Amino acid sequence: MKLRKVDFYLDWTGSKNIINLRRFIIKNLMKKGEVIRWSIVDIKDSVESLNIKKIRIKAVLANSVNSKI
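Description of the structure in this document. Everything numeric in this text was worked out from a predicted model, so none of it was measured.

What counts as what
Residues numbered from 1 in each chain as written. Predicted model: local features only at pLDDT ≥ 70, side-chain atom pairs only at ≥ 80, totals over all residues. Heavy atoms only, no water. Helix = DSSP H or I, 4+ residues; strand = E, 2+ residues; numbered from the N terminus. Buried < 20%, exposed > 50% of the residue type's maximum accessible area, 1.4 Å probe, protein only. Contact = heavy atoms within 4.5 Å. Areas by Shrake-Rupley, 256 points an atom, 1.4 Å probe, with all protein chains shown as cover. Lys, Arg positive; Asp, Glu negative; His and termini not counted. Charge placed at Lys NZ, Arg CZ, Asp CG, Glu CD. Patch = residues over 30% accessible without salt bridge, like charges linked within 9 Å, V, L, I, M, F, W, Y side chains within 5 Å. Salt bridge = Lys/Arg side-chain N within 4 Å of Asp/Glu carboxyl O. Polar contact = N/O pair within 3.5 Å; in protein donor to acceptor, adjacent residues only side chain to side chain.

### Focus on the overall build of the protein
Right, so step 1: On a plain count of helices and strands, the protein comes out with one helix and three strands.
Right, so step 2: Reading the helices (α) and strands (β) of the protein from amino to carboxyl end gives β-α-β-β.
Right, so step 3: Counting only C-alpha atoms and orienting by the principal axes, one finds that the protein spans roughly 40 × 25 × 20 Å.
Right, so step 4: When burial is assessed residue by residue, the protein has 29% of its 69 residues classed as buried.
Right, so step 5: If you take every contact in the protein between residues at least 6 apart in sequence, the share linking residues at least 24 apart comes to 62%.
Right, so step 6: Of the accessible surface of the protein, which amounts to about 5,200 Å², a share of 53% is contributed by carbon and sulfur atoms.
Right, so step 7: Treating the 16 positive side-chain charges of the protein as one cloud and the 6 negative ones as another, the clouds have centres 6 Å apart.

### Some points on a nonpolar patch on the surface
Right, so step 1: Side chains of Met 1, Leu 3 and Ile 36 sit close together on the surface and give an oily, nonpolar patch of about 360 Å² of accessible area.
Right, so step 2: Inspection of the secondary structure puts Leu 3 in strand 1 (residues 3–13).

### A few points about the side chain of Asn 28
Right, so step 1: Positionally, Asn 28 belongs in helix 1 (residues 21–30).
Right, so step 2: Using a relative accessible area of 19% as the deciding quantity, one classes Asn 28 as buried.
Right, so step 3: A polar contact is formed between the side chain of Asn 28 and the backbone oxygen of Phe 24, at a distance of 2.8 Å.

Put into structure tokens, the structure is as follows:
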């Protein structure tokens, strides 16, 4: 099993319910590999739009797909 650390920003629209945020993050992480652990490091307002938040995610993935995050 190969582990990989990832650190990236994910766009989250403010219209999505906060209750679904965890599911949204995990769904995006699972596209890249098996999720071992993850955390939200920072949340910022997007420069492009008032309705979008930039969420900084740090995660550890196993058996990750070789694609850029």
